[in-house]
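This is what each chain is made of:
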Amino acid sequence: LKAKDLIALGIGAIIGAGIFATTGTAAAGGAGHLGAGPAITISYILVAIACGFCALCYAEFASVIPIAGSAYTYAYVTLGELAAWIIGWDLILEYAVGNVAVAISWAGYFKSFVKGFGIQISETFMTPLTTSLHAGHGFAMNLPALGVVLCMTVLLVRGVKESINFNNFVVIIKLVVLVFFVGLGFLFVDAGNWVPFAPNGWQGIHTAASVIFFAYIGFDAVSTAAEETENPEKNLPIGMIGSLIICTILYIAISLVMTGMA
């Protein structure tokens, strides 16, 4: 893998359901939390700075210890086996929860997408298995979410090059769609929607920052590709910092357009 592959890997990991599922609620508020309004752009900058420090630490570790394993390996080398064991389980839980959230969000988009072609997916196959365990519910499962996870698993098992080629293809589509949204949406921006810029002040901005932090999870995944990277000491830091900068610019542009339109 080269630097451009790692940047694409980072963008693919960072820009997921978070940008589509959390930006709106972080700006508007609801579910017991204040919204930032158009000042969500400041929230994204704050989170980017916090993640930037974290990314620099990862980059330093990746340069010194360019082997697979991410935070598990770094903890193992610096803190010992027990700390690494705890960090390893933290990583599994983090990616399991993130995986579930993204898969369920994707399933919802997939259902609305195929509905446009006249295909209606039954609620029986769009409901979590845990719901069917409650009294009064029949058997149910989220079939699209399960299907996309299985497909990704098969792709990953096939090999790194196949995975990265597919990721690069998806990232290009993703960026084209987002740039199209920003470009077209800018024509429908009403500057009056940006007033007041921060309706709930710093409290709203800080609250939104904690909500959208989920949208940045993934840049650390670049470090797991250390063993498959050419010149990891140089390319891993470029991959992590580069993907973080590109995603932050996109997040700011999208949130500005989104709050300007609605």
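Just so we're clear, the structure is a prediction, and the values are computed from it rather than from any experiment.

A. Geometry of the packing of aromatic side chains. Counted by the stated rule, this structure contains eight aromatic pairs. For the pair Phe61 and Tyr74, a centre-to-centre distance of 5.0 Å together with 10° between the ring planes defines the contact as stacked. Of this pair, Phe61 sits in helix α4 (residues 40–64) while Tyr74 sits in helix α5 (residues 71–79); the two residues are 13 residues apart in sequence, bridging distant segments of the chain. We classify Tyr74 as buried; its relative accessible area is 4%. Here the aromatic rings of Tyr72 and Tyr76 are separated by 6.1 Å at their centres, their planes lie at 40°, and the arrangement is tilted. Note that Tyr72 and Tyr76 are positioned in helix α5 at a spacing of four residues, about one turn of the helix. In this structure Tyr72 comes out as partly exposed when scored by relative accessible area, which is 38%. When its relative accessible area of 42% is taken as the criterion, Tyr76 is described as partly exposed.

B. Inspection of the state of the cysteines at higher detail. Following the criterion strictly, the structure yields zero disulfides and no others. Cys54 forms no disulfide, and the closest cysteine sulfur to it belongs to Cys57, at a distance of 6.3 Å. Lacking any disulfide linkage, Cys247 is separated from the closest cysteine sulfur, that of Cys51, by 10 Å.

Reading guide: rules and limits
- Residues numbered from 1 in each chain as written.
- Predicted model: local features only at pLDDT ≥ 70, side-chain atom pairs only at ≥ 80, totals over all residues.
- Heavy atoms only, no water.
- Phe/Tyr/Trp six-rings, centres within 6.5 Å; stacked < 30°, edge-to-face > 60°.
- Helix = DSSP H or I, 4+ residues; strand = E, 2+ residues; numbered from the N terminus.
- Buried < 20%, exposed > 50% of the residue type's maximum accessible area, 1.4 Å probe, protein only.
- Disulfide = S-S within 2.5 Å.

That's the geometry; what it means functionally is another story.
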